[in-house]
Amino acid sequence: MNNKPTKAGVIGHPIKHSKSPLIHNYWIKKHGLNGAYEALDIPCEDLKSGVQDLINQGYAGFNVTIPHKESIAALCDTVDPLAKKCGAVNTVKIENGKLHGFNTDAFGFLTNISSQASEFDFTSGPAAVIGAGGASRAILCGLIEAQVPEIRIINRTRAKAERIVAELGADNITIIEWTQRDEALQGVNLLVNASSLGMEGQAPLELSLDLLPKNALVNDIVYTPLQTPLLKAASVRGNKTVTGIGMLLHQARPAFEKWFGILPGVDQDLQELVLR
Ligand code: ATR
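Structural notes, computed from the coordinates. Treat the numbers as computed from the prediction; the structure is a model and nothing was measured. (Residues numbered from 1 in each chain as written. Predicted model: local features only at pLDDT ≥ 70, side-chain atom pairs only at ≥ 80, totals over all residues. Heavy atoms only, no water.)

Below, the discussion takes up the site of the ligand. Taken together, 14 residues surround the ligand, and among them A132, N155, R156, T157 and K160 come closest. Contacts to the ligand include G134, whose backbone N or O atom sits 3.1 Å from an oxygen atom. N155 places a polar side-chain atom, nitrogen or oxygen, 2.7 Å from an oxygen atom of the ligand. Notes on the ligand: free accessible area 640 Å², of which the protein chains cover 68%. Of the residues assigned to the shell around the ligand, the class counts are five nonpolar, seven polar and two charged. (Near = heavy atom within 4 Å. Polar contact = N/O pair within 3.5 Å; in protein donor to acceptor, adjacent residues only side chain to side chain. Areas by Shrake-Rupley, 256 points an atom, 1.4 Å probe, with all protein chains shown as cover. Nonpolar A, V, L, I, M, F, W, Y, C, P; charged D, E, K, R; others polar.)

Structure representation (structure tokens):
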């Protein structure tokens, strides 16, 4: 009988603030598995040797966070088409010494919305997305996959939005000037804040919701605080809202399944543990 624990972890630099060990170790315990998940600090210059180390140690795989999400792809033997599209690998499965790269962020985004707003129909109208960083890119991939008919991307730095749109190659994405953000909410079915605005310690998101249809769904990827000023303002005027913590929790599920063979669930205890 093989009593060796299944090992996984998250690589990044710095890494000590990562919530991933809390999430995966919660599931390992909950499912009574013989496994371990650790935070692994690997600086950029040691990425290749650090990853080789994990292969040598028999790791089942690992999550990837800043600053390796883009550079890890070059070390992978295969990269899933969705991860290619997202321009980032956040999950690696090691099999027979080979690295297989995936991205689970789009899944996390879509599943968070469908689990908190099960009746929401992505195909029934335009979506407006604020922000053009890594998180926004994964969200745009998710929205394209969910067949949102029209996407409006709103970002302070237009050039960053242009780069993403060019790389995604979708013809239904429009770039909106930062100064036009209030007007861009007209007729939308979904509004997502994919920027860091509104996060504790960051600048507030200055956005008027006056033109936002009352039946639009509003999602914020910021989860500190959980009820962001955007979500509160949307809720007060009657819009349904979806908090951001679920994107983090749901993106972890398919990664856990790849290494441990079980697709775990998201429950209240896990959410509280991560928000504590
Ligand atoms: P992540 O990878 O988590 O998405 P990021 O790449 O740093 O993080 O992106 C942060 C997003 O928040 C960007 O869209 C950024 O806008 P710029 O592209 O113009 O930098 C946006 N953001 C951060 N601070 C902002 C501010 N004060 N005003 C407007 N947008 C801001």
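Our next topic: the sheet that holds strand 4 (residues 78-79). On the basis of which strands lie adjacent, the open sheet formed by six strands has the order 2-1-3-5-6-4 and mixed pairing. A single partner strand is all that each edge strand has here, and the edge strands are strand 2 (35-41) and strand 4. Each of strand 1 (6-12), strand 2 and strand 3 (61-64) is contacted by helix 1 (residues 20-30), which is oriented at about 170 degrees to strand 2, the strand it contacts most. Packed onto the sheet, helix 2 (residues 47-56) meets strand 1, strand 2, strand 3, strand 5 (91-95) and strand 6 (98-102) and runs at close to 170 degrees relative to strand 1. (Pairing = 2+ DSSP bridges. Helix = DSSP H or I, 4+ residues; strand = E, 2+ residues; numbered from the N terminus. Contact = heavy atoms within 4.5 Å. Axes fitted to C-alpha atoms, helices over the stretch in contact; angles between N-to-C directions.)

Time to look at the packing of aromatic side chains. Enumeration over the complete set of coordinates arrives at five aromatic pairs. Between the aromatic rings of F256 and F260, the centroid separation amounts to 4.5 Å while the plane-to-plane angle is 35 degrees, which identifies the pairing as tilted. Remark: F260 and F256 occur in helix 8 (residues 245-260); sequence separation between them is four residues, near one turn of the helix. The same class applies to F256 as to F260, namely buried. A ring pair is formed by W259 and F260, whose centres lie 6.4 Å apart and whose planes are at 85 degrees; its orientation type is edge-to-face. Per residue, the accessibility class of W259 equals that of F260, and both read buried. Through successive ring pairs, a cluster of aromatic residues spans W27, Y37, F256, W259 and F260. The ring centre of W178 lies 4.4 Å from the NZ or CZ of R181, which sits over that ring. Positioned over the ring face of F102 is K258, at 3.9 Å from the centre of the ring. (Phe/Tyr/Trp six-rings, centres within 6.5 Å; stacked < 30°, edge-to-face > 60°. Buried < 20%, exposed > 50% of the residue type's maximum accessible area, 1.4 Å probe, protein only. Lys NZ or Arg CZ within 6 Å of the ring centre and 35° of its normal.)

Attention now moves to the nonpolar core. F109, F122, I139, L143 and L190 are the most contacted members of the largest nonpolar core, which totals 34 residues. Where this core is concerned, the elements lending two or more residues are helix 4 (105-116), strand 7 (127-130), helix 5 (134-145), strand 8 (151-154), helix 6 (158-168), strand 9 (173-176) and strand 10 (190-193). With five residues, helix 5 is the single largest residue contributor to this core. Judged by nonpolar contacts, the second largest core, of 20 residues, contains I15, I28, Y37 and L273. (Core = buried A, V, L, I, M, F, W, Y, C linked by side-chain atoms within 4.5 Å.)

The parallel open sheet is built from six strands, whose spatial order is 9-8-7-10-11-12. Looking at the sheet topology across the chains shown, the edges are occupied by strand 9 and strand 12 (240-242). Averaged over all pairs of adjacent strands, the angle between their axes in this sheet comes to 20 degrees, without regard to strand direction. Strand contacts of helix 6: strand 8 and strand 9, with the helix running at about 175 degrees to strand 9, the strand carrying the most contacts.

Turning to the pattern of salt bridges, a few remarks are in order. With the rule as written, the count across this model stands at six salt bridges. Across the salt bridge formed by D105 and K69, the nearest N and O atoms sit 3.1 Å from each other. One end of the pair, D105, is in helix 4; the other, K69, is in the loop between strand 3 and strand 4, and 36 residues separate them in sequence. The salt bridge involving R158 is made with E177; its shortest N-O contact spans 2.7 Å. In this pair, R158 sits in helix 6 while E177 sits in the loop between strand 9 and strand 10, placing the two residues 19 residues apart along the sequence. Put simply, R158, E162 and E177 are held in one network by salt bridges that share partners. (Salt bridge = Lys/Arg side-chain N within 4 Å of Asp/Glu carboxyl O.)

Let's shift gears to the side chain of N193. One can find N193 in strand 10. The exposure class assigned to N193 is buried, which follows from its relative accessible area of 0%. A distance of 2.7 Å separates a polar atom in the side chain of N193 from a polar atom in the side chain of S195. Polar side-chain contacts of N193 include one of 3.0 Å to the side chain of D220.

Turning our attention to unusual backbone geometry. H13 connects to P14 through a cis peptide bond whose omega is 0 degrees. Along the chain, P14 turns up in the loop between strand 1 and helix 1. A cis amide bond links I66 with the next residue in sequence, P67, at an omega value of 10 degrees. Mapped onto the elements of the fold, P67 is located in the loop between strand 3 and strand 4. The residue N96 is not glycine, and still its phi comes out positive at about 50 degrees. As for its position among the elements, N96 is in the loop between strand 5 and strand 6. Residue N96 is classed as exposed on the basis of its relative accessible area of 79%. In this structure, Q147 is a non-glycine residue whose phi angle is positive, near 60 degrees.

No statement about biological role is implied by the geometric values presented.
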